[in-house]
Structure formats: C-alpha cells, structure tokens
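What the coordinates show
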Amino acid sequence: MTQPVTLTLNAGSSSLKFSLYDITGAPVQLAIGNVENIGRQPRLKASLGDGVPRVERELSPSEASDHPSTLKTVLTLLREHFPKAHAAVVGHRVVHGGPRFSEPMAVTDEVMAELRTLSPFAPIHQPHNLAGIEAARAAFPDALQVACFDTAFHRHHPKANDVFALPREYYDKGIRRYGFHGLSYEYVSGELKRIAPLLHAGRVVVAHLGNGASMCGILDGRSVASTMGFTALDGLPMGTRCGQVDPGVIFYMVQQEGRTIDEVRDIFYNKSGLLGLSGISNDMRVLESAGVPEANEAVDYFVFRIRRELGGLAAALGGLDALVFCGGIGENSRKIRRRICDGMDWIGIELDHDRNDSGAQVISTDFSRARIMVIATNEEIVIARAAKRLLSEQAGAGA
Ligand code: ADP
C-alpha cells in the first residue's frame, strides 16, 4: 500500500524549503525542513514526524551544489523515513503570478514560459522558484506540478490600489501594485473564517511581520490593499529591505555617488531595514535585547511605520474590525505588539496586556471595539491544499 503525499517546495536563491503532507484526507504534515547555503556550505535542517529526532547537519558541497542535487538529497532523506510515500503532486511557492494568475495553476510548458517572462519583475526570487519547478519536473516526471503565487491573493485589488501614477503605458506593461505574502494572508484569512466568521466578513488588517514584512487590508476575505507593491521591497522596513523610500534616493545614489544599479539594489535589498538602521542585526530578538540607541531607533522606525500603515489600511477599508498579527515577530514579540497597539485606541483597538503576555490568541480587551488576534501562519499547508485540490480536479476531469 502506498501513502499518497504532496511535497511542497519553496526554492530561494541559495535555499530550498520543503514539506511533506499526507493527502489521504485533509492534508496532514509529515515532515518539514530546509537546506540553506546551497552551493557554498550547505546545511540541512528537518523535522521528520513525531518521535523522530530533528535532523540537523552539514551537507557536502556535492550533495547540494544546485537545486537539482539539493532536491535529490532531500528526496533520499524523505524516502528513508517515508518509504511508502508516493508523490502524485508537487506544490511550489512562486513569488510572481503577474497580472494573469490569480489562482494556483497546474504547470505546463506554456505556464512555465509565461512565468519566465515575469522573472524581470522579481529577479531575486522568480528564477530560483522556477529552477525548483524544473528540478521537481525532472525528479517526478509523472507528477502534477502546481504553482501557488504570492501575488494571487491580491489580484482583485480595486484599480486605484493597483496602479502607480506613471504614464499609462506602464500599467499595460505590467508595472502594478501586485502585493506579496499572499499565501500567508490566505491562510490567516481562512483561519479567521473558521474561528470568527463575522470578523472575517468585516474589515481586517493582517500584519505579517517576519524577516520579510507587509500588511494587508482585507474586506470580506478579499485583499483590498497591501503595503507591498511592484516588488517585495515596498512598504514596511524589513530585516534587510528598506521598505518605502522616495525613489529620488535612487537618482541620488546613481548620479551623485556614482553607484551602479546593482549596488543600489544590493543596498535596498540586503543592507537596509533593521540591519541598515541599527548597524547591528536584522534579527528582532538581537535588537530587542541590544540596549543601544541605534538598535532602539531601528525598532522605533519599524513600529512607527506599522502604526502609520495601520491607519492607512483602515482608511482603505473604511474602518477596522480586526487586527491580526502573524510572522516570526508578529507571533512571538509581545513587546512589538504592545508598542504597535498602545495609544491606538482612536482606531478602535485596546490591547489587554495580560492576554498579550500570556500568548493568547485574542489579545484585545473585552471592551475593544476591534479585536486584536495572533494567528500563527502556515504557508505550506495553503500550497498542500491547492496541490491536493488540483490533483482531485485533474482526476475528476480524467474520469
Ligand atoms: P521569514 O520572513 O524569513 O519567514 P520569520 O517569519 O521566521 O521570517 O521571522 C523572523 C523574525 O522573527 C526575526 O526578526 C526574528 O528575530 C523574529 N522573532 C522570532 N522569534 C522572536 C521572539 N521571540 N521575539 C522577537 N522576535 C522574534
């Protein structure tokens, strides 16, 4: 007897995150892990189910020299632990679905060709996501490959939240406010529907605060506005990304400082945000305990921008019924949640400090007009569910 599973893959420039779900019924996670530093000093971390000690080890360069060899190594490990698993479908996280893809898609040669045309929109992520799909197609030639897009959840933004005030031709060329972290927002919104359907039907702001950070205004389960725009660089300051800056800064760096565009990109993506402002670290835990003015300033700016965007998103939604925190910082830092919420009673939120400190799911007071919640996000299960759904649809269509 084989065990039907779906493998989910999230391929980055030098990393491969993976998970394995049993899809006999509703997807149940069997394993989760990642390989970091592919091609340099690769390191594998994985949890392989209940009762199995967590695997954590260096890999030899040949075990993870590129995406195909890394996938092979991961598959060898998974086959050892789940010998009966049979992957009829592989689900992929793909950062960009462009203007067209607003739903998960079965990958065909045509879909791949279209996704390649989107690489210039997300040069740091898209080519690697697609390399992950190619590696999985080679490893599982008979399996269905499903692409799930970070942009898809936002594809129904009203036009006013989809445009930049550039010459019209740029909209037609695809220069739009796509928004990202869509798989996380879809999960959180789905959980809210399950836990509190009335709130889900209302005006919700979700703050996904991790190393990458963004916020999304959601009305009746649909994204209305997001702090991220054309790329995953806009909006909130992040671990190493700057968030919103005046584009004039780019002209200054290029024209006055003589920097190349690649240098500017490196500054914006890798040297800015919490790391750039603090000069110490991109890690919120380090900054919270550093106790030096530069670290405090970086955290002050992070909190300030979140509060400012909360006001803007509530305006876009016409009010606020719920604020939901997720992501590594949103789920774990009671201090940051407190700093964001305190003094925001004018917008209708009142934090209960004891609930916030105790790790409760609802952290607002009973008198708060809008509810404040913490929901641990789970992007992998969104991919696993989509993969299972498309597999069933394909089986249905073939029957
Ligand atoms: P990614 O965007 O890479 O998935 P995560 O969602 O894992 O990132 O979030 C990573 C961030 O969460 C880091 O800045 C880390 O310091 C922060 N974080 C994790 N746990 C805590 C904690 N207990 N307190 C404060 N920050 C935390």
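Residues numbered from 1 in each chain as written. Predicted model: local features only at pLDDT ≥ 70, side-chain atom pairs only at ≥ 80, totals over all residues. Heavy atoms only, no water.

Details of the site of the ligand
- Around the ligand, 13 residues are found, and the nearest of them are N211, G212, D283, M284 and G328.
- D283 has a polar side-chain atom sitting 2.4 Å from an oxygen atom of the ligand.
- Between the ligand and R285 there is a distance of 3.2 Å, counted from an oxygen atom to a backbone nitrogen or oxygen.
- At the level of secondary structure, the elements contributing two or more residues to the shell around the ligand comprise α10 (284–290) and α12 (327–332).
- A per-element tally of the shell around the ligand places α12 first, with 4 residues.
- Partitioning the shell around the ligand into residue classes produces 2 nonpolar, 8 polar and 3 charged. (Near = heavy atom within 4 Å. Polar contact = N/O pair within 3.5 Å; in protein donor to acceptor, adjacent residues only side chain to side chain. Helix = DSSP H or I, 4+ residues; strand = E, 2+ residues; numbered from the N terminus. Nonpolar A, V, L, I, M, F, W, Y, C, P; charged D, E, K, R; others polar.)

So, the sheet that holds strand β5 (residues 55–58)
- Taken in spatial order, the 8 strands of this open sheet run β5-β4-β3-β2-β1-β6-β8-β7, and their pairing is mixed. Two strands in the sheet have a free side with no partner beyond their single neighbour: β5 and β7 (105–106).
- Looking at chain direction, strand β2 (residues 16–22) and strand β3 (residues 28–36) are connected through 7 bridges and run antiparallel. Directly across from L16, in β3, lies its bridge partner V35. (Pairing = 2+ DSSP bridges.)

Some thoughts on helix α1 (residues 67–81)
- Taking 1.5 Å of rise per residue, 15 residues should cover 21 Å, and α1 covers 21 Å from first to last C-alpha, within 8% of that figure.
- Of the residues making up α1, those classed as buried are H67, S69, T70, L71, T73, V74, L75, L77 and L78.
- Looking at the packing, one finds that the buried side of α1 touches β1 (3–11), β2, β3, β4 (43–47) and α3 (126–139). (Expected span 1.5 Å × (residues − 1). Buried < 20%, exposed > 50% of the residue type's maximum accessible area, 1.4 Å probe, protein only. Contact = heavy atoms within 4.5 Å.)

Overview of the pairing of strand β9 (residues 203–209)
- Most of β9 is tucked away, with 6 of its 7 residues classed as buried.
- Hairpin connection of β9 to strand β10 (residues 213–219): 3 residues between the antiparallel strands.
- Relative to strand β12 (residues 322–326), β9 runs parallel, the two being bridged by 5 bridges. Each bridged residue has a counterpart across the sheet, and for A207 the counterpart in β12 is F325.

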